[in-house]
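Survey of secondary and tertiary structure
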Amino acid sequence: ERTFRRKKDAEELSCGFEVFIIMMCAFLSSLAGKVSAQRYLPGQTGLELRLGGVDDFGRNVRHLRGNFQIGMALSRYNRNRSRWVFGADYVKKHYAYKKIAVPKEQFTAEAGCLFPFLSDRGRNVFLSAGLSALAGYERVNRNGRLLYDGATLLHKGAFIYGFAPAFEMEAYLTDRWAFLFNVRQRVFFGSSVGHFHTVVAVGLKYIID
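To keep things clear, this report deals only with the structure shown in the data block. What you see is a predicted model; the values in this text were computed from it and never measured.

Some remarks on the overall build of the chain
Secondary structure summary: the chain contains two helices and eight strands in total. Walking the chain from its N terminus toward its C terminus, one meets helices and strands in the order α-β-α-β-β-β-β-β-β-β. With 209 residues in all, the chain has 37% of them scored as buried. Partitioning the intrachain contacts of the chain with sequence separation of at least 6 by distance along the chain shows that 60% fall at a separation of at least 24. Total accessible area on the chain is roughly 12600 Å²; 66% of this is exposed by carbon and sulfur atoms.

Below is the structure:
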């Protein structure tokens, strides 16, 4: 009889444990659904900070002091999960001239739209593609035309405009923070030195609301 009672108690304990596990799984599933539902909501706004390399950044970083980009942007999510992006960038690229490096700087504003085309089931990682319009100002050697050896630069400061197709990965660390990896091909008209620049950047995004 005692053995029978022990078996019965064990069965009840096992059954209760299984019910507890099922309830916990259901709770976690509902919680995960709520968490993932907080991402890509219409009307959400995100603030981005980006830092990247331009063109042959790795090869020139030692001798030409690097080619880099730094930028800030504001994202606005739409009903179809696309998002508007409004930002400003500072891009600096160096060109070799004898024993010195001549800098070119671009100060640009952008407005564009990105569309997600792939994400994981948990909605933690999103891949997006899109296009931005660009406009701004470019200067070479800080608009100084005379070089150290007496040579004169023919390039002047100029207003520039163009566009930039982009590919971006968002990896959510929390509901508020996301890691960004971005590749853009900047195409400019009006530039006196180079019309194409590839920017590979990483960054962080904070969801404000």
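And the narrative resumes.
Description of the side chain of E110
Among the secondary structure elements, E110 is positioned in strand β4 (residues 100-119). The exposure class assigned to E110 is buried, which follows from its relative accessible area of 7%. Separated by 2.8 Å, the side chains of E110 and S132 make a polar contact. What E110 contacts, discounting residues up to four positions off in sequence, is R50, V85, F86, G87, D89, S132, A133, L134 and R184.

A short note on unusual backbone geometry
For residues other than glycine, phi is negative in most cases, and the peptide bonds are mostly trans. Non-glycine residue R81 carries a positive phi angle of around 70°. Summarising the element assignment, R81 is placed in the loop between β2 (68-77) and β3 (83-97). Even without being glycine, N141 reaches a positive phi, approximately 55°. The topology assignment puts N141 in the loop between β5 (125-140) and β6 (158-172).

Concerning the nonpolar core
Residues Y40, Y77, F126, Y172, A178 and I207 constitute the largest nonpolar core, which totals six residues. Within the second largest apolar cluster, five residues are counted, among which are V102, V140, L147 and V193.

Each value, and the rule that gives it
Residues numbered from 1 in each chain as written. Predicted model: local features only at pLDDT ≥ 70, side-chain atom pairs only at ≥ 80, totals over all residues. Heavy atoms only, no water. Helix = DSSP H or I, 4+ residues; strand = E, 2+ residues; numbered from the N terminus. Buried < 20%, exposed > 50% of the residue type's maximum accessible area, 1.4 Å probe, protein only. Contact = heavy atoms within 4.5 Å. Areas by Shrake-Rupley, 256 points an atom, 1.4 Å probe, with all protein chains shown as cover. Polar contact = N/O pair within 3.5 Å; in protein donor to acceptor, adjacent residues only side chain to side chain. Core = buried A, V, L, I, M, F, W, Y, C linked by side-chain atoms within 4.5 Å.

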